[in-house]
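One letter stands for each residue in the lines below.
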Amino acid sequence: MKRRALPIRLPVLVQDVLLGLFVALMQVQGTLAKPSAVGARPLTDIGYLGYVLLIGSGMILALRRRWPTPVFITATLAGLLYFSIDFPDGPGFIGLFVALYTLTAYGDGRRSLVFAGVGITVLATGWLIGAADIEPAAIGWVFFRIAASVMAAALGESVRSRHVIAAESQRRAELAERTREEEARSRVDAERLRIAREVHDTVAHAIAIINVQAGVTAYLLDKRPEGAREALLIIEQTSSQTLHEMRAVLGVLRDSDNGRVPQPGLGQIEELASKARDAGLDIKLEATSPTTPLPSVVGNAAYRILQESITNIIRHVGPTQVRVAVDHGIDALEVCVTDEGRRGVPGHDPARPHPLPEHPASNGTGSSASSGRGILGMRERCQLLGGELVARPLPGGGFEVKARLPLVPAGAAQL
């Protein structure tokens, strides 16, 4: 296997030190190689000050990224001092241009540009004053240095802007990724809550009916075997239907769509009422015709509210008269379930055990149901669709559950 060659990347400080050495060498070598003008001071004059300024303005670049502003100020002062003393003209401004580029490229934007503008103005003024007594043919180099300074500052600002834009794009991409992940988690949580509600409603309703029919079977097994057979048949049908609904509810957890069925809706109200009648309820069903097509999420929520309300009556009240009303409005669907409360079972012998569980007639709101989530689950369904639910005991006895579901559900995307 061939090994890939890794690129050699020196530390930033080492890079800047090498750059400083290179610039210092270029400034000294370029100045010495250029013929000196008449009257120019030698670099060895005033204690080799010319060499010190050329080397110093180059080596100061080793600190350019750590302190860009002080480095630029130092290079500016060294350049002004060099040309004011009339040392030989040459490439002694390379370090200054690099410092100016670094100031705008690694600075903080507006303040760095202000420093750069002030520095270029001071340099231009000093260069023009120093060029007052030079030959007209050499004045071009002064304007060249001024133009090069402006270009160095502009190049640095362009690089800085590009880095800022890239960093902002990266930040937005990371934010978008986090947002997508949060939305995905939110959708998963909403789906889990929906499945939990569907499982609760389906299982609670089925178990309530099975519990009732099991009590009837135990009561009639010795006295009326044919009645026990009918109760067992209802248990079989209810459990089979419940398993079918559970497969439909949990089908979303599979990758394949095989075996999935539509969620129950108001079209199954008659079947729901029939099961409730088998459990001993006297149900009166009142429903108006829909004026507009009913959204599936609204129909499913209405069905589950009716199912949970009837289940609570079976569990906590027993045989009683129940009124189920479904009103299809123009902009909302209203469902109402009202029961008359517990009543005596005709022909029931008090000495015999009652086939129904003994609970207060609270329809899920009394002490026996204080730990349940029936009313809470129905209210959550309404709130997710932007509707409202009222569950209250009636003054003359009994209980009422009334829900209003908008036909344009606010939370349809979450279900």
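Residues numbered from 1 in each chain as written. Predicted model: local features only at pLDDT ≥ 70, side-chain atom pairs only at ≥ 80, totals over all residues. Heavy atoms only, no water.

1. Observations concerning the pairing of strand β4 (residues 388-393)
Now for step 1: Note: β4 against strand β5 (residues 399-406), 6 bridges, orientation antiparallel. Its bridge partner being in β5, P393 is matched across the sheet by F399.
Now for step 2: Counted along the chain from β4 to the antiparallel partner β5, the turn is 5 residues long, and its residue G397 has a positive phi close to 105 degrees. (Pairing = 2+ DSSP bridges. Helix = DSSP H or I, 4+ residues; strand = E, 2+ residues; numbered from the N terminus.)

2. Some words on the pattern of salt bridges
Now for step 1: The full count for this structure, using the stated rule, is 11 salt bridges.
Now for step 2: One salt bridge in this structure joins R65 and D16, with 3.2 Å as the shortest N-O distance. Residue R65 is located in the loop between α2 (45-59) and α3 (68-84), and its partner D16 is located in helix α1 (residues 12-33); the two are separated by 49 residues in the primary sequence.
Now for step 3: Judged by its relative accessible area of 28%, R65 is partly exposed.
Now for step 4: Taking the shortest distance from any N to any O, the salt bridge between E168 and R172 comes out at 3.2 Å. Note that E168 and R172 are positioned in helix α6 (residues 139-220) at a spacing of 4 residues, about one turn of the helix.
Now for step 5: By relative accessible area, R172 is classed as exposed at 56%. (Salt bridge = Lys/Arg side-chain N within 4 Å of Asp/Glu carboxyl O. Buried < 20%, exposed > 50% of the residue type's maximum accessible area, 1.4 Å probe, protein only.)

3. Some remarks on the sheet that holds strand β1 (residues 282-287)
Now for step 1: Here we have 5 strands laid out as an open sheet, ordered β1-β2-β3-β5-β4, and mixed in their pairing. Of all the strands in the sheet, just β1 and β4 have a single pairing partner and so form its edges. The sheet shows a mean angle of 10 degrees between the axes of neighbouring strands, taken without regard to direction.
Now for step 2: Running at roughly 165 degrees to β1, helix α8 (residues 269-278) makes contact with β1 and β2 (321-328) of the sheet. (Axes fitted to C-alpha atoms, helices over the stretch in contact; angles between N-to-C directions. Contact = heavy atoms within 4.5 Å.)

4. A closer look at the packing of α1 against α2
Now for step 1: Packing of α1 against α2 leaves a shortest axis separation of 7 Å and a crossing angle of 150 degrees. Taken together, the axis directions place α1 and α2 in an arrangement best described as roughly antiparallel. In the packing of α1 onto α2, the handedness of the crossing is right-handed. Where α1 abuts α2, its residues G20, L21, V23, A24, Q27, V28, T31 and L32 lie against Y51, L54, I55, S57, G58 and M59.
Now for step 2: When the residues that make up the contact of α1 with α2 are grouped by side-chain class, the tally is 9 nonpolar, 5 polar and no charged. (Parallel < 35°, antiparallel > 145°, perpendicular 65-115°, else oblique. Left-handed = near helix turned anticlockwise from the far one by under 90°. Nonpolar A, V, L, I, M, F, W, Y, C, P; charged D, E, K, R; others polar.)

5. Let's talk about the pairing of β1
Now for step 1: Pairing between β1 and β2: 6 bridges, direction parallel. Within β2, the residue paired with D282 across the bridge is Q321.

6. Concerning helix α9 (residues 296-316)
Now for step 1: If you check α9, its first and last C-alpha atoms are 30 Å apart, about what 21 residues at 1.5 Å a residue would give, namely 30 Å.
Now for step 2: Of all 21 residues in α9, 19 are buried, a share of seventy percent or more.
Now for step 3: Phi for G318, located one or two positions after α9, is positive at around 95 degrees. (Expected span 1.5 Å × (residues − 1).)

7. Quick word on the nonpolar core
Now for step 1: L281, I283, I305, L306, L333, V335 and L405 are the most contacted members of the largest nonpolar core, which totals 38 residues.
Now for step 2: Mapped by element, the contributors of at least two residues to this core are α6, α8, α9, β2, β3 (332-339), α10 (374-384) and β5.
Now for step 3: Broken down by element, this core gets its largest block of residues, 10 residues, from α9.
Now for step 4: Non-local contacts of L281, meaning those with residues more than four positions away in its chain, are made with A276, I310, I313, I314, G318, P319, T320 and V322.
Now for step 5: L53, L100, L103 and W127 belong to the second-largest nonpolar core, a separate cluster that totals 32 residues. (Core = buried A, V, L, I, M, F, W, Y, C linked by side-chain atoms within 4.5 Å.)

8. Digging into the environment of T102
Now for step 1: For T102, the location among the structural elements is in helix α4 (residues 94-105).
Now for step 2: If we ignore the near neighbours within four places in the chain, the residues touching T102 are R64, R65, P68 and G107.
Now for step 3: Within the structure, T102 has its side chain in polar contact with the side chain of R64 (distance 2.8 Å). (Polar contact = N/O pair within 3.5 Å; in protein donor to acceptor, adjacent residues only side chain to side chain.)

9. A closer look at the side chain of H328
Now for step 1: Topologically, H328 is positioned in strand β2.
Now for step 2: Separated by 2.7 Å, the side chain of H328 and the backbone oxygen of T288 make a polar contact.
Now for step 3: With sequence-adjacent residues up to four places away left out, H328 is seen in contact with L266, T288, S289, P290, T291, L294 and L333.

So yeah, pure geometry; function would need other evidence.
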